[in-house]
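Each chain is listed here by its residues.
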Amino acid sequence: MTMSTDKAVKEDFLRQAAPYRRELLAHCYRMLGSVHDAEDQVQETYLRAWRSYDGFEGRSSLRTWLHRIATRTCLTALESRGRRPLPTGLGDPSADPYDTLVERSEVPWLEPIPDAMAGAEDADPAAIVTSRESIRLALIAALQHLPPRHRAVLILRDVLKWRAAEVAEVLDTTTTAVNSVLQRARARLDEVAPQEDLTEPTSPEDRELLARYVRAFEEYDVAAIVRLLTADAVWEMPPYTGWYQGNEDIGRLISTQCPADGPGAMRLLPTRANGQPAFAVYMRAADGAHHAFALQVLTPAPAGVAHVAMFFDLRLFTAFGLPAVLPSSMERSVASVP
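Residues numbered from 1 in each chain as written. Predicted model: local features only at pLDDT ≥ 70, side-chain atom pairs only at ≥ 80, totals over all residues. Heavy atoms only, no water.

We now examine helix α13 (residues 247–257). Among all positions of α13, only Asn247, Ile250, Gly251, Leu253 and Ile254 are buried. What you see down the axis of α13 is that its buried residues fit within an arc of 160°, all on one side. Its buried side turned inward, α13 meets α11 (204–218), α12 (222–228), β1 (229–236) and β2 (243–245). (Buried < 20%, exposed > 50% of the residue type's maximum accessible area, 1.4 Å probe, protein only. Helix = DSSP H or I, 4+ residues; strand = E, 2+ residues; numbered from the N terminus. Arc of directions from axis to C-beta. Contact = heavy atoms within 4.5 Å.)

Listed below in structure tokens is the structure:
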């Protein structure tokens, strides 16, 4: 093959493979539970595919071939990594809101992913629903309880809808073994995945709930926040190990542990993560500006907000395309809904 022919082949690969980047990122995220690790493995997938494209004989679609490479790449990465939990996945009981917060930054915590990166803002309504359901934060956290190969089988069979024979080829095993692993993976997922009665913020009532949630935080009205949470709501905030259940306890936590000093101390900027409404929280600093503080991912339910995961990893602001300091044009109240 001449140099010009080789260049043309590689350019053809890049042109054909580019449309699959977002779904490959979502696939790697489901496997790894980290948006940053997922980006790394997608890059590795494209590099491996680019190097071996000359040998791609078209026995499967390019999409299937890329997902096969991505799955194997993720499995290799997981050989040297533990699972990524949320605080609720550590096995400890709910914490006392008055206790000192315990930070464990060395733990590889689960990370949220922006909807835009995972393809959950597709123009096709059916695709949106499927994509959002497959990246729900509770599902990604539950997948972390599965061994890597079990995780791969469940994702390939139940999310990507591959045939057992296709999965067996990727994992170099038998169809019988794949079906057995799938049965065990589903049973384990049923044990660890919470039963959620989710609502999408599409009705005026749902959107008003989230707007009131924003106002309650921006006014630092803890009583209002408590009223907007369900009675058995769960609040967790990696890298802190404690998690808290019950709206009253969550109110006590916010009253005693939040550094806000009154109305206007916080500003919330709407975004979306894991197919769910999310807010970037900015805290007023000594210079008077509002600086990046945390990212909240909400699970709305018919009775109120049922779960809040508050992530303090400020690298996520970059991943979500969010500013580190809230621009002056946004310093007014941002009581809107993602």
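Moving on to the sheet that holds strand β3 (residues 266–273). Read from one edge to the other, the open sheet built from 6 strands follows the order β2-β1-β6-β5-β4-β3, with strand pairing classed as mixed. Here the strands that pair on one side only, and so sit at the sheet edges, are β2 and β3. Across this sheet, the average inter-strand angle for adjacent strands is 20°, counted without regard to direction. In the sheet, β1 pairs with β2 via 3 bridges, with the strands oriented antiparallel. Paired with valine 234 across the bridge in β2 is glutamine 245. Each of β1, β3, β4 (276–284), β5 (290–301) and β6 (304–311) is contacted by α11, which is oriented at about 145° to β3, the strand it contacts most. Lying on the sheet, α13 is in contact with β1 and β2; it crosses β1 at an angle near 45°. (Pairing = 2+ DSSP bridges. Axes fitted to C-alpha atoms, helices over the stretch in contact; angles between N-to-C directions.)

Now for unusual backbone geometry. Backbone torsion omega between proline 238 and proline 239 reads 20°, so that peptide bond is classified as cis. Here proline 239 lies in the loop between β1 and β2. One non-glycine residue with positive phi stands out, namely lysine 161, at about 60°. Judged by relative accessible area, which is 61%, lysine 161 ranks as exposed. The phi dihedral of asparagine 274 falls on the positive side, at around 55°, and the residue is not glycine. By the secondary structure assignment, asparagine 274 is in the loop between β3 and β4.

This part covers the packing of aromatic side chains. Evaluated as defined, the whole model comprises 9 aromatic pairs. Judged by centre distance (5.1 Å) and plane angle (45°), the ring pair of phenylalanine 13 and tyrosine 53 falls under tilted. Taken as a pair, phenylalanine 13 in helix α1 (residues 3–17) and tyrosine 53 in the loop between α3 (35–52) and α4 (62–78) lie far apart in primary sequence, 40 residues in all. Neither residue differs from the other here; phenylalanine 13 and tyrosine 53 are each classed as buried. (Phe/Tyr/Trp six-rings, centres within 6.5 Å; stacked < 30°, edge-to-face > 60°.)

So, on to the pattern of salt bridges. Proximity of charged atoms lets side chains of opposite charge pair with each other. Tallying each qualifying case throughout the model produces 15 salt bridges. Salt-bridge contacts for arginine 81 lead to aspartate 37; the nearest nitrogen and oxygen are separated by 2.9 Å. Of the two residues, arginine 81 is situated in the loop between α4 and α5 (115–118) and aspartate 37 in helix α3; the sequence distance between them amounts to 44 residues. Assessed through its relative accessible area of 36%, arginine 81 is described here as partly exposed. A cluster of three or more residues bridged by salt bridges with shared partners is formed by Asp37, Arg81 and Arg84. (Salt bridge = Lys/Arg side-chain N within 4 Å of Asp/Glu carboxyl O.)

Between helix α2 (residues 21–32) and α4, the shortest axis-to-axis distance is 10 Å and the interhelical angle comes to 30°. As summarised for this structure, α2 and α4 are arranged roughly parallel, according to the angle between their axes. Considering how the two elements wind past one another, α2 and α4 form a crossing that is right-handed. Of the residues in α4, those in contact with Glu23, Leu24, His27, Cys28, Met31 and Leu32 of α2 are Arg63, Leu66, His67, Ala70, Thr71, Cys74, Leu75 and Leu78. Looking at the contact of α2 with α4 residue by residue, the class counts come to 9 nonpolar, 3 polar and 2 charged. (Parallel < 35°, antiparallel > 145°, perpendicular 65-115°, else oblique. Left-handed = near helix turned anticlockwise from the far one by under 90°. Nonpolar A, V, L, I, M, F, W, Y, C, P; charged D, E, K, R; others polar.)

To continue, consider the side chain of threonine 71. For threonine 71, the position within the fold is in helix α4. Within the local environment of threonine 71, its side chain forms a polar contact with the side chain of histidine 27, the two groups lying 2.8 Å apart. Reaching out from threonine 71, the side chain makes a polar contact with the backbone oxygen of histidine 67 at a distance of 2.8 Å. Ignoring anything within four residues of it in the chain, the contact list for threonine 71 reads His27, Ala152, Leu156 and Val170. (Polar contact = N/O pair within 3.5 Å; in protein donor to acceptor, adjacent residues only side chain to side chain.)

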